[in-house]
Amino acid sequence: MTASTVPALRPLTLGQHQVWPPVVLAPMAGITNIGFRRLCREQGGGIYVCEMITTRALVERNPKTLRMIAFGDDEKPRSLQLYGTDPEITAAAVRIVVERNLADHIDLNFGCPVPKVTRRGGGAALPWRRRLFARLVRAAVAAASPAGVPVTVKMRKGIDDDHLTYVEAGLAAQEAGVAAVALHGRTAAQRYSGTADWDAIATLKQALDVPVLGNGDIWEADDALRMVAHTGVDGVVIGRGCLGRPWLFADLEAAFNGRTERRLPALGEVAVTMRRHAELLVDQFTAGARNPARGERDGCTDFRKHVAWYLKGFPVGGELRRSLAMIESLAQLDDLLGKLDPAEPFPVTALGQPRGRTNSPGKVFLPEGWLASRDDDTVPEGAEMDDSGG
């Protein structure tokens, strides 16, 4: 697939915001903090969503949650994803975002497939209860629209292949006044296994008038071009594809601007990116900290999870990999990165390979009797979560 064969795209319109290229970084728990988002924004344009925030935690002013709502001074638009199951609590959380000017764009999470969420009727389970879903989205839009803050939704195909909801939910969200709908082409039962169903994304695009964004199996920029050509979507959502590959956003910007260059960084360039990533995390954790040394250690600890993703496919010995995944300071990181061979070429065999979670399909845990009635709009007992981040 080449840029010349892809239908011409316009900037993604979210309220008063024009986003080009039409690329969205999906919120990922423990990943899309302010440091990682800045690293990605340094590569290319788009909209970069912070980690998921739960509505109850925001309404109750949970200190950890409030710390997570942090954006760079030059981060525009500021994008925040909310998870909630109660329309009234969701509306209250949106009003807080609006009144305190915490974000410029709000995304609603209806795609999370993890058991602790679905067994409470949240995330990917919630659209099955269509009246509750519509009430919640309407409440969020009504609370956000007086301030001109656009609301979008991100969802999956459904609970499983026998309980698909994506077209009906997309139409309900459109009727409620959302600015766009994003679809991950998997069911909750699939989790992150198998292949994303791009045909389903094309079906949703045909059904809706508002912009539709496609998510699933975009590992390289050319995958995004193929998705646009196959589905006609108005933009793409990037999740696991950028793990250890923040330069994917540079490739995406080039691709959507019709250019063919793609980055294949040698190991020395990857090491420079790793150092920049760790530095940004240290800056994040030391900002306002009473003990800068503790902040450096916490930033380096947060970076450890990224080491294996950066080095995937490179011939780096196990001992050096383990040492890099145990760093406690930037000085340690510098010493270990100096042991890498900077001339080692990028492992092209790793192109297009999955990164991050690749678990197997599994049972979707649901509240008792959840599937019995689609029109029951009762808020599930205990469904609201008091911690953020996923």
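Residues numbered from 1 in each chain as written. Predicted model: local features only at pLDDT ≥ 70, side-chain atom pairs only at ≥ 80, totals over all residues. Heavy atoms only, no water.

Looking now at the overall build of the chain. When helices and strands are tallied, the chain shows 15 helices and 11 strands. For 390 residues, the compact-globule estimate of 2.2 N^0.38 gives 21 Å, and the C-alpha radius of gyration of the chain, at 21 Å, lies within 12% of that figure. Among the 390 residues that make up the chain, the fraction classed as buried is 57%. Taking contacts inside the chain between residues at least 6 apart in sequence as the whole, the part at least 24 apart equals 74%. A total of about 15,900 Å² of accessible surface is found on the chain, and carbon and sulfur atoms cover 48% of it. (Helix = DSSP H or I, 4+ residues; strand = E, 2+ residues; numbered from the N terminus. Rg over C-alpha atoms; globule rule 2.2 N^0.38 Å. Buried < 20%, exposed > 50% of the residue type's maximum accessible area, 1.4 Å probe, protein only. Contact = heavy atoms within 4.5 Å. Areas by Shrake-Rupley, 256 points an atom, 1.4 Å probe, with all protein chains shown as cover.)

As a further point, take the side chain of Gln81. Position of Gln81 relative to the elements: it lies in strand E6 (residues 79–83). Among the polar contacts made by the side chain of Gln81, one reaches the side chain of Asp107 at a distance of 2.8 Å. The residues contacting Gln81, other than those within four sequence positions of it, are Pro27, Val49, Glu51, Met52, Ile53, Asp107, Leu108, Asn109 and Lys154. (Polar contact = N/O pair within 3.5 Å; in protein donor to acceptor, adjacent residues only side chain to side chain.)

Attention now goes to the packing of helix H11 (residues 267–286) against helix H15 (residues 330–337). Packing of H11 against H15 brings their axes to within 11 Å, and their N-to-C directions diverge by 175 degrees. Our classification of the angle between H11 and H15 gives roughly antiparallel. When H11 is examined against H15, the residues Ala271, Met274, Arg275, Ala278, Glu279 and Val282 are found in contact with a partner set consisting of Leu330, Leu333, Asp334 and Leu337. A breakdown of the residues in the contact of H11 with H15 according to their chemical character gives 7 nonpolar, no polar and 3 charged. (Axes fitted to C-alpha atoms, helices over the stretch in contact; angles between N-to-C directions. Parallel < 35°, antiparallel > 145°, perpendicular 65-115°, else oblique. Nonpolar A, V, L, I, M, F, W, Y, C, P; charged D, E, K, R; others polar.)

Before going further, it helps to spend a moment on the packing of helix H6 (residues 130–144) against helix H7 (residues 166–176). It is at 9 Å that the axes of H6 and H7 come closest, and there the two elements cross at 30 degrees. Considering the angle they form, H6 stands roughly parallel to H7. Note on packing geometry: the crossing formed by H6 with H7 is right-handed. Contact residues: Arg130, Phe133, Val137, Arg138 and Val141 in H6; Glu168, Ala169, Ala172, Ala173 and Ala176 in H7. Tallied by class, residues from the contact of H6 with H7 come to 7 nonpolar, no polar and 3 charged. (Left-handed = near helix turned anticlockwise from the far one by under 90°.)

Further remarks concern the UniProt feature "binding site: FMN" (unreviewed entry) in the chain. The UniProt record marks Pro27, Met28, Ala29, Gln81, Lys154, His184, Gly239 and Arg240 with the feature "binding site: FMN" (unreviewed entry), using the residue numbering of this structure. When you line up the elements, Pro27 lands in the loop between strand E3 (23–25) and helix H1 (34–41). In contact with Pro27, other than residues within four places in its own chain, are Thr32, Val49, Cys50, Glu51, Met52 and Gln81. With respect to the helices and strands, the residue Ala29 is situated in the loop between E3 and H1. (UniProt positions renumbered as here; feature names shortened; annotations may be inferred.)

Turning to a nonpolar patch on the surface, a few remarks are in order. A surface patch of nonpolar side chains, about 250 Å² in accessible area, is lined by Leu264, Val348 and Leu351. When you line up the elements, Leu264 lands in the loop between helix H10 (248–256) and H11. On the accessibility criterion, Leu264 (45% relative accessible area) is partly exposed. (Patch = residues over 30% accessible without salt bridge, like charges linked within 9 Å, V, L, I, M, F, W, Y side chains within 5 Å. Salt bridge = Lys/Arg side-chain N within 4 Å of Asp/Glu carboxyl O.)

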